[in-house]
Amino acid sequence: AWDVMLSKLERHKREHGDCRVPSKDKELANWVRDQRKRKATMPADRKERLDAIEFPWDADYRGRQRDDGAWDVMLSKLERHKREHGDCRVPSKDKELANWVRDQRKRKATMPADRKERLDAIEFPWDADYRGRQRDDGAWDVMLS
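**Re the overall build of the protein chain**
Part 1: Along the backbone of the protein chain there are 7 helices and 0 strands.
Part 2: A total of 145 residues make up the protein chain; the buried ones form 32% of that total.
Part 3: A separation threshold of at least 6 residues defines the contact pool for the protein chain, and within that pool the share at least 24 residues apart is 39%.
Part 4: Accessible area for the protein chain stands at about 10,100 Å²; split by element, carbon and sulfur atoms hold 48% of it.

**Section: the packing of helix H1 (residues 2–16) against helix H3 (residues 44–52)**
Part 1: It is at 11 Å that the axes of H1 and H3 come closest, and there the two elements cross at 10°. Considering their axes alone, H1 and H3 lie roughly parallel with respect to each other. Contact residues: H1 offers Trp 2, Asp 3, Leu 6 and Leu 9, while H3 offers Arg 46, Arg 49 and Leu 50.
Part 2: When its residues are assigned to classes, the contact of H1 with H3 shows 4 nonpolar, no polar and 3 charged.

**Some details on the pattern of salt bridges**
Part 1: Using the criterion set out here, one finds 9 salt bridges in the structure.
Part 2: A salt bridge links Glu 123 to Lys 82, with the nearest nitrogen and oxygen atoms 3.3 Å apart. Placement of Glu 123 in the loop between helix H6 (113–121) and helix H7 (137–144) and of Lys 82 in helix H4 (residues 68–85) is noted, with a sequence separation of 41 residues between them.
Part 3: For Glu 123, a relative accessible area of 61% puts it in the exposed group.

**Things to note about the environment of Pro 112**
Part 1: As for its position among the elements, Pro 112 is in the loop between helix H5 (95–106) and H6.
Part 2: Taking the relative accessible area as the measure of exposure, Pro 112 reaches 24% and is therefore partly exposed.
Part 3: As for Pro 112 and Asp 58, which are separated by 54 residues in sequence, their C-alpha atoms are 7.9 Å apart.

**Some remarks on the side chain of Arg 105**
Part 1: Mapped onto the elements, Arg 105 comes out in helix H5.
Part 2: By relative accessible area, Arg 105 is classed as buried at 16%.
Part 3: Among the polar contacts made by the side chain of Arg 105, one reaches the main-chain carbonyl oxygen of Pro 125 at a distance of 2.9 Å.

**Looking at H1**
Part 1: Between the first and last C-alpha of H1 there are 21 Å, a value that for 15 residues agrees with the 21 Å anticipated at 1.5 Å per step.
Part 2: Among the residues making up H1, those that are buried are Trp 2, Met 5, Leu 6, Leu 9 and His 12. Burial along H1 is one-sided: seen end-on, the buried residues are contained in an arc of 115°. Looking at H1, the residues exposed on the side facing more than 90 degrees away from the buried face are Arg 14 and Glu 15.
Part 3: Of the surrounding elements, those touching the buried residues of H1 are helix H2 (26–37) and H3.
Part 4: Backbone geometry just downstream of H1 places Gly 17 in the positive-phi region, at approximately 85°.

What counts, and at which threshold
Residues numbered from 1 in each chain as written. Predicted model: local features only at pLDDT ≥ 70, side-chain atom pairs only at ≥ 80, totals over all residues. Heavy atoms only, no water. Helix = DSSP H or I, 4+ residues; strand = E, 2+ residues; numbered from the N terminus. Buried < 20%, exposed > 50% of the residue type's maximum accessible area, 1.4 Å probe, protein only. Contact = heavy atoms within 4.5 Å. Areas by Shrake-Rupley, 256 points an atom, 1.4 Å probe, with all protein chains shown as cover. Axes fitted to C-alpha atoms, helices over the stretch in contact; angles between N-to-C directions. Parallel < 35°, antiparallel > 145°, perpendicular 65-115°, else oblique. Nonpolar A, V, L, I, M, F, W, Y, C, P; charged D, E, K, R; others polar. Salt bridge = Lys/Arg side-chain N within 4 Å of Asp/Glu carboxyl O. Polar contact = N/O pair within 3.5 Å; in protein donor to acceptor, adjacent residues only side chain to side chain. Expected span 1.5 Å × (residues − 1). Arc of directions from axis to C-beta.

Shown next as structure tokens:
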């Protein structure tokens, strides 16, 4: 099954010049996404075969190459916010940064390790609520009793 999907991706690349698979080709698009998620545990021969067709490991879910520049700009804004306010709780009035912070939490499981390490370095609260407040399991436990 893996070889069949690789052949489909190779055909797509020959026809379109890249490995960016549109979501309308649901089966292949999902397979491509899964290969990115499994990179760390993938057998070396499979990784080599994907590398041979210049598979974009760091692409986003649409197959676009990862843009470290834009991500770095947002991280700098968050670092500035933390210096000025003492935490990473971004008010919703700063829509762009607040949305970016929320998206980082959502992407934690699939985020490249280098990005996670950089957020960890500024003590990013991974399990905060949408307002950036730390989760309070004690209050939850009281409500359940």
